[in-house]
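# Chains, contacts and geometry: an overview
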Amino acid sequence: MKFSVVTIFPEIITTYLGTSILKRAISRDLINVDVYNLRDYASDKHNTVDDYPYGGGAGMVLKPEPFFALVDRIWPDATKRRIVLLSPQGRVFNQETALELAKEQRETVLFCGRYEAIDERVKEYLADDEFSVGNYVLTGGELPALVIIDAVARLVPGVLGDSRSPEADSFSCGLLDYPHYTRPENFRGMSVPPVLLCGNHSKILRWRKMESLRRTLEKRPELLENYSLSSEEKKLLDEIKEELP
Ligand code: 9D3
């Protein structure tokens, strides 16, 4: 899985990638991330990457030339790259988008914006996609780039190790997770649900499914609309609804 990130703050990206599960995935060659400093591709002696907006208004705009220079140099073949612009105007990235990018054969190139905007010609002539990571305002595209790399990388076989499978995730499976407990059995008077200590595995599975359904119904009922319930799950959900006041 190959990613490249284009940014004026490369250290934000390299710092995160040098930590934890992604560090291990990179050292094992399961994913490969190149980071490019946009400033290195500026054309003037001051390495200017931004300028005032035509038409006036607040804030600065990232100039087009460094992006085009970088693409000409590093990704001249349009069939081998998928350029993703990160911007608040993009379609909202979700688990389905992560799965789609995980299947991508081309290199995924993430363009991070800063300041008010990136010159529109970058979007028009270079970008294949435009993604946002949610409906809130950030200061730039670096955290969104990391969000996308993180979400896609953990879908690559081997990245999470053998013990954890991404299929078990909420969102992948369509339901929220059940509650988790570890030792001690009794902590400051708060005890672990006895069913988890009973050793009856099918009873435990049933309880977990019940709690997943209960939480989803309570916190994210819209997730149930796109989820096809098995007949067993329908029964459990009816039980939960009968318990409610
Ligand atoms: C006044 C208009 N603003 C748009 C909402 C300007 C603006 C704010 C913040 C332009 C760019 C940014 C920086 N944000 C990103 O580059 C960004 C982002 C985000 O802010 N939220 C969610 N996803 C993303 S992806 C890139």
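Residues numbered from 1 in each chain as written. Predicted model: local features only at pLDDT ≥ 70, side-chain atom pairs only at ≥ 80, totals over all residues. Heavy atoms only, no water.

## A few points about the site of the ligand
Taken together, 16 residues sit near the ligand, with Glu-116, Val-133, Gly-134, Tyr-136 and Leu-138 positioned nearest. Residue Leu-138 places a main-chain N or O atom 2.8 Å away from an oxygen atom belonging to the ligand. Mapped by element, the contributors of at least two residues to the shell around the ligand are strand S5 (81–92) and strand S8 (129–132). If you tally residues by element for the shell around the ligand, the top one is S5, at three residues. Taken together, the residues that form the shell around the ligand break down as nine nonpolar, six polar and one charged. (Near = heavy atom within 4 Å. Polar contact = N/O pair within 3.5 Å; in protein donor to acceptor, adjacent residues only side chain to side chain. Helix = DSSP H or I, 4+ residues; strand = E, 2+ residues; numbered from the N terminus. Nonpolar A, V, L, I, M, F, W, Y, C, P; charged D, E, K, R; others polar.)

## Notes on the pairing of S8
Here S8 shows no split at all, with Asp-129 and Phe-131 on one side and Glu-130 and Ser-132 on the other all buried. Pairing of S5 with S8, which is carried by five bridges, proceeds in the parallel orientation. Along S8, the bridge assignment pairs Val-84 with Asp-129. (Buried < 20%, exposed > 50% of the residue type's maximum accessible area, 1.4 Å probe, protein only. Pairing = 2+ DSSP bridges.)

## Thoughts on the packing of aromatic side chains
For any pair of aromatic rings, geometry is given as the distance between the ring centres together with the angle between the planes. Scanning the entire structure with this criterion turns up three aromatic pairs. Measuring from ring centre to ring centre gives 5.2 Å for Tyr-36 and Trp-75, while their planes differ by 75°; the resulting arrangement is edge-to-face. Remark: Trp-75 occurs in the loop between helix H3 (64–74) and S5 and Tyr-36 occurs in strand S2 (residues 32–37); sequence separation between them is 39 residues. Arranged with centres 6.2 Å apart and planes meeting at 65°, the rings of Phe-93 and Phe-131 form a pair that is edge-to-face. Highlighted residues: Phe-93 in the loop between S5 and helix H4 (95–102) and Phe-131 in strand S8, separated in sequence by 38 residues. The pair Phe-93 / Phe-131 is uniform in exposure class, with both members buried. (Phe/Tyr/Trp six-rings, centres within 6.5 Å; stacked < 30°, edge-to-face > 60°.)

## What about the sheet that holds S2?
Strand order in the open sheet made by the five strands is S2-S1-S6-S5-S8, with parallel pairing throughout. A single partner strand is all that each edge strand has here, and the edge strands are S2 and S8. Strand-to-strand, the axes of this sheet are offset by a mean angle of 30°, without reference to chain direction. (Axes fitted to C-alpha atoms, helices over the stretch in contact; angles between N-to-C directions.)

## Considerations on unusual backbone geometry
At the junction of Arg-183 and Pro-184, the peptide bond is cis and its omega measures out at 5° in the coordinates. Residue position: Pro-184 is located in the loop between helix H6 (142–153) and strand S9 (186–187). In the Ramachandran plot, Arg-188 falls in the positive-phi region, its phi being about 50° despite a non-glycine side chain. In this structure Arg-188 comes out as exposed when scored by relative accessible area, which is 75%.

## Some words on the pattern of salt bridges
Tallying each qualifying case throughout the model produces 20 salt bridges. Across the pair Glu-233 and Lys-209 runs a salt bridge, and its minimum N-O distance is 2.6 Å. In this pair, Glu-233 sits in helix H9 (residues 231–243) while Lys-209 sits in helix H7 (residues 201–219), placing the two residues 24 residues apart along the sequence. Ionic contacts of the salt-bridge type, sharing partners, join the residues Arg-82, Arg-91, Glu-100, Glu-104, Arg-106 and Asp-129 into one network. (Salt bridge = Lys/Arg side-chain N within 4 Å of Asp/Glu carboxyl O.)

## Details of the nonpolar core
By size, the foremost hydrophobic cluster in this structure holds 27 residues, and its most contacted members are Val-5, Leu-86, Phe-93, Leu-110, Ile-148 and Ile-149. Residue assignment for this core shows that the elements contributing at least two residues are strand S1 (2–7), helix H1 (10–17), helix H2 (20–27), S5, H4, strand S6 (107–112) and H6. If one sorts the elements of this core by residue count, H6 sits on top with seven residues. With 20 residues, the next largest nonpolar core counts Leu-62, Ile-83, Val-122 and Ala-127 among its residues. (Core = buried A, V, L, I, M, F, W, Y, C linked by side-chain atoms within 4.5 Å.)

## Focus: the sheet that holds strand S7 (residues 117–118)
Taking strand neighbours across the sheet as the criterion, the three strands line up as S3-S4-S7 in an open arrangement whose pairing is mixed. Sheet topology places strand S3 (50–51) and S7 at the edges, where each strand pairs with a single neighbour. Strand direction decides the pairing type here: S3 and strand S4 (residues 61–62), joined by two bridges, are antiparallel. Bridged to Asp-50 within S4 is Leu-62.

## A closer look at the domain arrangement of the protein chain
By the assigned domains, the protein chain splits into domain 1 (2–153) and domain 2 (173–243). Just the C-alpha atoms count here: the centres of domain 1 and domain 2 sit 39 Å apart. (Domains from an automatic or database assignment.)

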